[in-house]
Amino acid sequence: MSHRDDRDANGEPPASAPGDYEESRPVLASERTDLAWTRSAIAFIALGAAILKIRPAVGLPVMGLGGAIWLLPRISPRRGNALTSRRTLLVTIAVTSLAVVSVVLTLAGPPSRGLRP
Amino acid sequence: MSENATAGADEGSEPDARFTMANERTFLAWSRTSLALVVGGLAVAQLLPPFAHIPWGRAAIATPLILLGAAMSVLSYFEWRANQRALRRGAPLVRSQLPRLLAFTIAVIGLLAGALDIYSRVASR
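Structural notes, computed from the coordinates. (Residues numbered from 1 in each chain as written. Chains lettered and ligands numbered in written order. Predicted model: local features only at pLDDT ≥ 70, side-chain atom pairs only at ≥ 80, totals over all residues. Heavy atoms only, no water.)

The next thing to look at is the overall build of chain B. When its secondary structure is counted, chain B shows 3 helices and 0 strands. Along chain B, helices and strands appear, N-terminal first, in the series α-α-α. In summary, chain B has a C-alpha radius of gyration of 20 Å against a globular reference of 14 Å for 125 residues, an excess of more than 25%. Principal-axis analysis of the C-alpha atoms places the extent of chain B at approximately 70 × 25 × 20 Å. Here chain B holds 125 residues, and 44% of them are scored as buried. Long-range contacts, defined as pairs at least 24 residues apart, comprise 70% of the intrachain contacts of chain B with a sequence gap of at least 6. (Helix = DSSP H or I, 4+ residues; strand = E, 2+ residues; numbered from the N terminus. Rg over C-alpha atoms; globule rule 2.2 N^0.38 Å. Buried < 20%, exposed > 50% of the residue type's maximum accessible area, 1.4 Å probe, protein only. Contact = heavy atoms within 4.5 Å.)

What follows is the structure, given as structure tokens:
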């Protein structure tokens, strides 16, 4: 919950903003949630770009998943519960898939010499 | 704007949207943590130079990190769903096991990495 210091001594909202104070908090929470989704999408895209340098076949799909996470609410006809369910499931599948590919690369892929100075 | 409850969990009443959005943000935070663990493990395997005298050293550190990331991603999804149901029913929220799992596993992997490094250096003398 956000804490605001513009209430009076009785905890009442200021008279200058009588109607919209209580309504603004869900809007702000919605904004924070949208930003959290954007941060998550950026994390996928940035990490995909980093992986792209060492394993292009892995990096490109990771970047694509980041784009899909960001685009889904903008192109999907679903809203509300159904959209949120799909997005959370997409993120979980994306991370788990990347983990599976990473384990295969680690245990069965060509050995890497690592970065050397 | 996100709303609460997943498909198949429509019982109960519509809770305050701020609580469901807080649940969503918590899930995303754990997902980003999971992603960081997976990519961190991949980086250990691909970017670290091999341990001297321990050909399996990098894999021994990377694999638990990656598996931890995958496990946390899946567990956080199920916790999100359970919390959604709890919010609709007005029930207590699920007590998360993820912080304990994360702390314990990272500690063990850290000790393992330290032990491998020390052994590698001693064996190289």
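Time to look at the overall build of chain A. Along the backbone of chain A there are 3 helices and 0 strands. Put simply, chain A runs from its N terminus to its C terminus through helices and strands in the order α-α-α. Expressed as a percentage of the 117 residues in chain A, the buried residues total 32%. Within chain A, contacts between residues at least 6 apart in sequence are counted, and of these 37% link residues at least 24 apart. Accessible area of chain A: about 7000 Å², with a carbon and sulfur share of 64%. (Areas by Shrake-Rupley, 256 points an atom, 1.4 Å probe, with all protein chains shown as cover.)

Remark: helix α3 (residues 80-108) of chain A packs on helix α2 (residues 57-89) of chain B, axes separated minimally by 9 Å, with the N-to-C direction vectors making an angle of 165°. Judged on the interaxial angle alone, α2 of chain B and α3 of chain A are roughly antiparallel. Of the two possible hands of crossing, α3 of chain A and α2 of chain B adopt the one that is left-handed. Looking at the contact of α3 of chain A with α2 of chain B residue by residue, the class counts come to 14 nonpolar, 10 polar and no charged. (Axes fitted to C-alpha atoms, helices over the stretch in contact; angles between N-to-C directions. Parallel < 35°, antiparallel > 145°, perpendicular 65-115°, else oblique. Left-handed = near helix turned anticlockwise from the far one by under 90°. Nonpolar A, V, L, I, M, F, W, Y, C, P; charged D, E, K, R; others polar.)

Within the largest apolar cluster, 26 residues are counted, with the highest numbers of intra-cluster contacts made by Phe 44, Val 91 and Leu 98 of chain A together with Leu 35 of chain B. Elements supplying a minimum of two residues to this core: α1 (21-54), α2 (56-75) and α3 of chain A together with α1 (17-47) and α2 of chain B. With 7 residues, α3 of chain A is the largest single contributor of residues to this core. For Leu 35 of chain B, the contacting residues outside a window of four places in its chain are Ala 43, Phe 44, Leu 47, Val 95 and Leu 98 of chain A. One finds Val 44, Ala 45, Leu 65 and Leu 116 of chain B within the second-largest nonpolar core, a separate group that totals 14 residues. (Core = buried A, V, L, I, M, F, W, Y, C linked by side-chain atoms within 4.5 Å.)

A separate point is the packing of aromatic side chains. By the definition in use, this model includes 3 aromatic pairs over all chains. With a centroid separation of 6.3 Å and 45° between ring planes, the pair formed by Phe 27 of chain B and Trp 80 of chain B is classed as tilted. Of the two residues, Phe 27 of chain B is situated in helix α1 and Trp 80 of chain B in helix α2; the sequence distance between them amounts to 53 residues. Trp 80 of chain B carries the same exposure label as Phe 27 of chain B, and that label is buried. Here a set of aromatic residues connected by ring pairs shows up, and it is made of Phe 27, Tyr 77, Phe 78 and Trp 80 of chain B. For Arg 74 of chain A, the ring lying beneath its charged end belongs to Trp 70 of chain A, and the centroid distance is 3.9 Å. In this structure, Arg 87 of chain A packs its charged tip against the face of Trp 37 of chain A, placed 4.0 Å from the ring centre. (Phe/Tyr/Trp six-rings, centres within 6.5 Å; stacked < 30°, edge-to-face > 60°. Lys NZ or Arg CZ within 6 Å of the ring centre and 35° of its normal.)

Inspection of the secondary structure assignment puts Thr 106 of chain A in helix α3. Residue classification places Thr 106 of chain A among the buried residues on the basis of a relative accessible area of 15%. Setting aside residues no more than four positions away along its own chain, Thr 106 of chain A makes contact with Ala 45, Ala 59, Ala 62, Thr 63 and Ile 66 of chain B.

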